[in-house]
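Next come the chains, spelled out residue by residue.
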Amino acid sequence: MGTEIKLKGDKVIAQIPSIKDKALRINLNENIYGTFAEIGAGQETVRHFFRSGGSSGTIAKAMSAYDKDFSDAVYGTESDGRYVTENRLKKMLTFEGELIEERLSREKHPNKLFFSYANTVATIDFAKQFKGHGWVGIRYQIEPDEAYNEIILHIRFKETDARLQQETLGILGVNLIYGAFYKYNDPKRLLRYLYDHLDKDQLEIDTINFSGPRFADVDNRLMSLQLVKNGMTDAVMFNPEGKNVLPAAVLYKKNLLAFRGSFRPVTNVNLDMYEKSLKMFLEENKVEKDNTLVVFEITLSNLRSDGEIDERDFMDRAELLCSLGQTVMISNFQEYYKVVEYFSNYTKARMGLAMGVNNLVDIFDEKYYRHLSGGILEAFGKLFYRDMKVFLYPMLGENGEIITSENLKVHPRMKELYKFFKFNGKVVDIVDYNPNILNVFSREVLKMISHGTSGWEPMLPSGVAEIIKEHHLFGYHPQKELEQN
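Residues numbered from 1 in each chain as written. Predicted model: local features only at pLDDT ≥ 70, side-chain atom pairs only at ≥ 80, totals over all residues. Heavy atoms only, no water.

### Some points on helix α3 (residues 68-75)
Given 3.6 residues per helical turn, the α-helix brings residues three or four places apart onto the same face. The cut-off we apply is this: Relative accessible area decides the class of each residue, using a 1.4 Å probe on protein chains only: under 20% of the type maximum gives buried, over 50% gives exposed, and in between gives partly exposed. In this description a helix means any DSSP run of H or I spanning at least four residues, a strand means any run of E spanning at least two, and both kinds are numbered starting from the N terminus. For this quantity, the arc is that covered by the directions from the helix axis to the C-beta atoms.
Buried residues of α3: S71, D72 and Y75, and no others. One side of α3 carries all its buried residues, which in axial view fall inside an arc of 100°. Residues of α3 that are exposed and point more than 90 degrees away from the buried face comprise D69, F70 and A73. Immediately downstream of α3, the backbone of G76 shows phi near 85°, a positive value.

### Structural notes on the pairing of strand β14 (residues 351-356)
Selection rule: Two strands form a pair only when DSSP identifies at least two bridges running between them.
Within β14, six of the six residues are buried, which leaves it mostly tucked inside the rest of the structure. Residues M351, L353 and M355 point to one face of β14 and G352, A354 and G356 to the other, with burial holding for every one of them. Pairing of β14 with strand β15 (residues 388-393), which is carried by six bridges, proceeds in the parallel orientation. Bridging from a neighbouring strand, M355 pairs with L392 of β15.

### As for the domain arrangement of the protein chain
The line we're drawing: Boundaries of every domain are those given by an automatic assignment or by a domain database. Buried area counts how much accessible surface, traced with a 1.4 Å probe, disappears from two parts once they are put together, with both parts' losses summed. Definition used for salt bridges: Asp or Glu carboxyl oxygen within 4 Å of a side-chain nitrogen of Lys or Arg. Side-chain atoms alone can form a polar contact between residues adjacent in sequence; in general such a contact is a pair of N or O atoms within 3.5 Å, and within protein one must be able to donate a hydrogen while the other accepts it. We call Asp, Glu, Lys and Arg charged. Ala, Val, Leu, Ile, Met, Phe, Trp, Tyr, Cys and Pro are nonpolar, and the rest, Gly among them, are polar.
Entries for the protein chain in the domain assignment read domain 1 (17-217), domain 2 (247-427) and domain 3 (440-481). Here domain 1 packs against domain 2, burying approximately 260 Å² in sum over the two surfaces, 37% of which is carbon and sulfur. When residues of domain 1 are sorted by the area they lose upon contact with domain 2, R156, K188 and D206 head the list and together hold 86% of the total. At the boundary of domain 1 with domain 2, the tally comes to one salt bridge. Our enumeration of links across domain 1 and domain 2 arrives at one residue pair in polar contact (both at pLDDT 80 or more). When grouped by side-chain class, the residues that make up the side of domain 1 that touches domain 2 number no nonpolar, one polar and three charged.

### Some details on the pattern of salt bridges
Taken as a whole, this structure holds 31 salt bridges when the rule is applied. Between R139 and E150 there is a salt bridge, and its shortest N-O distance comes to 4.0 Å. Here R139, found in strand β4 (residues 133-140), pairs with E150, found in strand β5 (residues 149-157); they are 11 residues apart in sequence, far enough to count as distant. Residues R139 and E150 agree in their burial class; the two are buried. When the shortest N-O distance is used, the salt bridge between E406 and K422 registers 3.3 Å. Of this pair, E406 sits in the loop between β17 (402-403) and α15 (415-423) while K422 sits in helix α15; the two residues are 16 residues apart in sequence, bridging distant segments of the chain. Relative accessible area serves as the criterion here: at 22%, K422 is assigned to the partly exposed category.

### Details of the packing of helix α1 (residues 19-28) against helix α5 (residues 162-182)
Just so we agree on the cut-off: Axis lines are fitted to C-alpha atoms, over the contacting stretch for helices. Their N-to-C directions set the angle, which ranges from 0 to 180 degrees. Roughly parallel refers to an angle under 35 degrees, roughly antiparallel to one over 145, roughly perpendicular to one between 65 and 115, and oblique to any angle outside these ranges. Note on convention: the crossing is left-handed when the near helix lies turned anticlockwise from the far helix by less than a right angle, right-handed when the turn is clockwise. The contact criterion used throughout is that any non-hydrogen atoms of two residues lie within 4.5 Å.
α5 packs onto α1 with a crossing angle of 45° between their chain directions and a minimal axis gap of 10 Å. For the element pair α1 / α5, the angle class is oblique. Our pair here, α1 against α5, has a crossing hand that is left-handed. Where α1 abuts α5, its residues I19, K22, A23, R25 and I26 lie against I171, V174, N175, I177, Y178, F181 and Y182. Of the residues that constitute the contact of α1 with α5, the class distribution is nine nonpolar, one polar and two charged.

### Considering the sheet that holds strand β8 (residues 244-245)
Taken together, eight strands build an open sheet; the order of strands is β8-β7-β13-β10-β9-β14-β15-β18 and the sheet is mixed. Two strands close off the open sheet at either side, each with one partner strand: β8 and β18 (427-429). Note: β15 against β18, three bridges, orientation parallel. Residue pairing in the sheet places L392 in a bridge with D429 of β18. Along the sheet face, helix α7 (residues 220-229) touches β7 (235-238), β8 and β13 (327-331) and points at about 165° away from the line of β7.

### Remarks on the packing of aromatic side chains
As a reminder of what qualifies: By convention, a stacked pair of Phe, Tyr or Trp rings (six-membered ring in the case of Trp) has centres within 6.5 Å and planes under 30 degrees apart, an edge-to-face pair has planes over 60 apart, and any other such pair is tilted.
Overall, the coordinates contain 22 aromatic pairs when judged by the stated rule. Judged by centre distance (5.0 Å) and plane angle (65°), the ring pair of Y140 and F181 falls under edge-to-face. Highlighted residues: Y140 in strand β4 and F181 in helix α5, separated in sequence by 41 residues. Y140 sits in the buried class, given a relative accessible area of 0%. Taking the centre distance of 5.7 Å and the plane angle of 55° together, the rings of Y274 and F296 count as tilted. Of this pair, Y274 sits in helix α9 (residues 268-283) while F296 sits in strand β10 (residues 292-299), placing them 22 residues apart in sequence. The rings of F36, F49, F115, Y117, Y140 and F181 are connected pair by pair, giving a single aromatic cluster.

Below you can see the structure in the form of structure tokens.
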């Protein structure tokens with residue numbers, strides 16, 4: 001055989017192993033051994049392993065507990081009576097994993113790496129109303145005497161045919177198992193490889209969590225950020241404990257009050273806007289305190305300083321907001337109407353957006369809507385058509401005057417449109433704001449922190465300055481402050 005010919009100008013092409021090659025490589029490893037349990041879309045993943053050959057040493061068993069009673073008999077019942085849940089998936093992974101440990105003696109198989117792979121999925125319904133979604137996960141060992149690692153993800157199908165969805169799930173399953181064993185040392189790439197031989201139009205991954213000894217250093221919030229960054233989903237959320245949560249589960253049928261900001265860092269203005277608008281929102285009819293969720297949203301375009309996403313900076317902000325007990329959402333929605341549209345997928349209840357005057361003026365800028373066939377009217381239809389209000393926080397004008405919904409200036413062409421929404425009560429002023437903090441601006445505070453200028457602490461809510469200093473967030477360094485003084 002001659003050597004391979006390379007021509008001038010050839011580009012290096014990344015070799016993506018085929019699905020068959022991935023399954024075969026795992027099958028041919030004499031130590032990898034485990035169970036496949038798939039509920040809801042057939043035996044889609046394990047099929048690839050059976051077909052690629054050499055599977056007898058890999059597959060302990062493959063099962064599909066299709067019947068609900070049978071499934072309950074194996075894995076127990078769920079308190080909410082649902083089957084496609086994270087809890088269900090975790091039970092399946094643990095149950096099957098323990099079963100292998102129980103049935104195979106470690107003395108006889110000292111080198112085996114056990115795994116359990118599971119999915120619980122609902123494919124598209126007969127009426128094609130719900131596209132379907134599911135939980136997919138693997139629990140596995142990298143060393144025989146080591147604790148188990150877990151990778152769990154939630155997917156939404158985008159295809160409108162059950163058979164195509166099944167095939168998509170099968171490919172994803174192989175990618176996950178292969179990535180778990182062969183790419184665990186680089187979780188960011190493992191995430192990207194989940195889409196090998198798949199398209200973003202087929203599948204959305206909107207939640208992922210890594211755990212176990214091999215992922216001890218992984219921050220799952222950063223992994224969430226990758227999902228949005230890579231275009232695998234439009235939005236991800238985490239709770240005040242900093243854990244990734246499934247947006248659909250958190251937003252379902254809730255009254256929502258959303259704040260969009262850069263929160264670099266959170267200032268007294270942000271907090272005042274939050275407290276006052278929440279108070280007004282809760283006084284609205286059809287809004288119940290127990291059913292209200294406040295979401296602090298950071299949009300990706302806000303995270304891009306110089307086009308690149310600064311992950312450290314992102315984590316700083318997420319940390320601060322979570323420490324203030326808030327639910328955080330990261331999205332790639334540049335325009336406000338897209339946020340409202342996204343929320344509307346999960347709730348029909350009343351919503352509120354809290355924002356400053358400059359944000360509202362920005363919304364009335366036509367340049368953001370040129371790509372829509374209906375232009376700004378289409379966007380505003382989507383924004384205000386729902387049961388939705390804007391709570392407006394005033395700002396200081398150039399001459400020290402206070403600008404509210406009454407005297408703000410939008411483009412002359414937009415004036416009548418703005419008046420229409422204001423007249424219909426879609427824009428309401430926050431009146432009991434704190435006038436002493438209107439001259440506080442995040443970017444000024446940020447400059448002071450990073451340059452080591454003193455005196456920024458009082459501009460932030462209590463406790464925030466301490467967190468910034470303790471964790472050296474936003475480029476804070478005590479040395480700088482000493483040099484300045």
